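Observations on chain architecture
What follows is each chain in one-letter form.
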Amino acid sequence: MPFTANRQFKKTPRLFSSAKGMYYTSVDGRQVIDGSAGLWCVNAGHGRPEIASAVERQLSTLDFAPSFNMGHPLAFDFAERLAEIAPKGLDRIFFTNSGSESVDTALKIALAYHRAAGQPTRTRLIGRERGYHGVGFGGMSVGGMVANRRQFATHLPGVDHIRHTHDMARNAFAKDQPDHGAELADDVERMVALHGADTIAAVIVEPVPGSTAVLPPPKNYLQRLRELCTKHGILLIFDEVITGFGRLGAPFAANFFGVTPDMMTTAKGITNGTVPCGAVFASRQVHDGLMVGPDNAMELFHGYTYSAHPVACAAGLATLDIYKDEGLLTRGAQFADYFRDALHSLKGLPNVVDIRNVGLMGAVEVAPRKDGVGARGYDLMVDCFNNGLYFRMSGDSLAMSPPLIVEKKHIDDMVSILGDAIKRVA
């Protein structure tokens, strides 16, 4: 099983049999609040019949179409709809099947763009400590979560990392964006001084790191990062696989923070988690920079068998309709303050050392036990599951990201179950 303590799990399996709205149902018939929108992806809630109907129709009409030298109308319809909600200027779309594929695609586009622009020395990729960019060799290499890297000795060459922004000494229990740490963006200057700007192709960061348990960026940090990348001709890539499609109360984190990257990677919420799909959003400058050479020549030697799969496009279009009709891409803004205050009400409980939040993302961090990092967090996760709450555990941090259909009563129940578990277990 992926990212699972397999031996531990198989002793006491936790199995879901169905889901509807805000809840899973376990195999023993208990309702469990989905506190993490599945894996940050079920933004419109579970069991949406509109998506199921769209998938059924598509399977009966066109089950597959090749995307190499061929196409189908839904791919272009879907791309146009995505461009309509994208940050201004990011309206060129390349379809993938996952966040990992979106990241590797964006990195390859960055390399190809600089080569086409006559700057083939720009091959270095810069990630960030504690970043998560999927599990492909590209994403793993620019990623900065140690456990995800340590087990695999081979990484892409020519990769470096700027420092993460998590500073508990100065920012513990900060609400929304922390006050301290904008100067950490100046690590880009350190990379330039060390390697030379003419060797760096791209910097990739999550606007809000999620898998490392919700690290909101310090105030003005992303703006400074944008300025420095522009100054040195470096492409800036936002990994919005988690933050995309309404998680912060705006369509994308780029909208929320007012910072537009050169490319943006997405997946997860693009189909409400129903059918694997992802997309890279690129600027016209990046797209047009690749459109060189003879008309009959391929501009980008990259793609997937299932890029813009007809069924995924149908699911994605139905998902976008739900987001639009129900205002879900901005609905989170109505609940962000309530969610923040509810989470921070847990401050002062045993061993709670930090609480972080932005939009409808939040994390409660507890101190590690002597028997190992993650032991206390694991026990809390199991206790909460047994008492009706599912959330994403990352070590000793407990990440919350409920579906965007959440109501205040759901937030109250989530925080109450977690608070009781901390008192019992932590």
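One can find the structure itself at the top, above this paragraph.
Residues numbered from 1 in each chain as written. Predicted model: local features only at pLDDT ≥ 70, side-chain atom pairs only at ≥ 80, totals over all residues. Heavy atoms only, no water.

Before going further, it helps to spend a moment on helix α13 (residues 310–326). Over its 17 residues, α13 extends 24 Å from the first C-alpha to the last, a length consistent with the 24 Å expected when each residue adds 1.5 Å. Here α13 lies mainly inside the structure; 13 of its 17 residues are buried. Where α13 ends, the next residue or the one after it, G327, has phi of about 60°, a positive value. (Helix = DSSP H or I, 4+ residues; strand = E, 2+ residues; numbered from the N terminus. Expected span 1.5 Å × (residues − 1). Buried < 20%, exposed > 50% of the residue type's maximum accessible area, 1.4 Å probe, protein only.)

This part is about the layout of surface pockets. By rolling a water-sized probe across the atoms, one finds the places where empty space is left. Put simply, the second largest pocket is a space of about 1100 Å³. Surrounding the second largest pocket, 31 residues form its lining, S67, I93, F94, L300 and H302 being those nearest its centre. Every element with two or more residues in the lining of the second largest pocket is listed here: α4 (73–85), β4 (92–96), β10 (278–282) and α12 (284–290). A class-by-class count of the residues in the lining of the second largest pocket yields 18 nonpolar, nine polar and four charged. (1 Å grid on protein atoms, 1.4 Å probe; cavity = no way out; pocket = protein on both sides within 12 Å on 5 of 7 lines; lining within 4 Å. Points joined across faces, edges and corners; volume = space filled by probe spheres on them. Nonpolar A, V, L, I, M, F, W, Y, C, P; charged D, E, K, R; others polar.)

This part covers the pattern of salt bridges. One pass over the structure, following the stated rule, counts 23 salt bridges. Across the pair D91 and R92 runs a salt bridge, and its minimum N-O distance is 3.4 Å. Look at D91 and you get partly exposed, because its relative accessible area is 21%. Using a relative accessible area of 29% as the deciding quantity, one classes R92 as partly exposed. Residue R340 pairs with D176 through a salt bridge whose shortest N-O separation is 3.1 Å. (Salt bridge = Lys/Arg side-chain N within 4 Å of Asp/Glu carboxyl O.)

Right, let's get into the nonpolar core. Core analysis: the largest hydrophobic core is formed by 97 residues, its most contacted members being F78, L82, L225, L389 and L418. With ten residues, α13 is the largest single contributor of residues to this core. Viewed by domain, this core spans two of them, domain 1 (6–48 + 327–425) and domain 2 (51–325), each represented by three or more residues. Those residues in contact with L418 that sit more than four places away from it in its chain are L346, V364, C384, L389, F391, L398 and M400. Counting 19 residues, the second largest nonpolar core, distinct from the first, contains A110, L235, V280 and V286. (Core = buried A, V, L, I, M, F, W, Y, C linked by side-chain atoms within 4.5 Å. Domains from an automatic or database assignment. Contact = heavy atoms within 4.5 Å.)

Quick look at the environment of R122 now. Structurally, R122 is set in the loop between α5 (99–116) and β5 (124–128). Here R122 falls in the buried class, since its relative accessible area comes to 7%. Sequence separation between R122 and H133 is eleven residues, and the spatial gap between their C-alpha atoms is 21 Å. If sequence neighbours within four positions are ignored, R122 has contacts with L111, H114, A197, D198, T199, I200, A201, H232, G233 and I234. Here H232 takes part through its backbone oxygen, which lies 2.9 Å from a polar atom of the side chain of R122. (Polar contact = N/O pair within 3.5 Å; in protein donor to acceptor, adjacent residues only side chain to side chain.)

The interhelical angle for the contact between helix α14 (residues 328–344) and helix α16 (residues 408–425), taken along N-to-C directions, is 15°, at an axis separation of 10 Å. In terms of axis orientation, α14 runs roughly parallel to α16. For the element pair α14 and α16, the recorded crossing hand is right-handed. On the side of α14, the interface is formed by F335, Y338, F339, A342 and L343, while α16 contributes K408, I411, D412, M414 and V415. The residue inventory of the contact of α14 with α16, partitioned by class, reads eight nonpolar, no polar and two charged. (Axes fitted to C-alpha atoms, helices over the stretch in contact; angles between N-to-C directions. Parallel < 35°, antiparallel > 145°, perpendicular 65-115°, else oblique. Left-handed = near helix turned anticlockwise from the far one by under 90°.)

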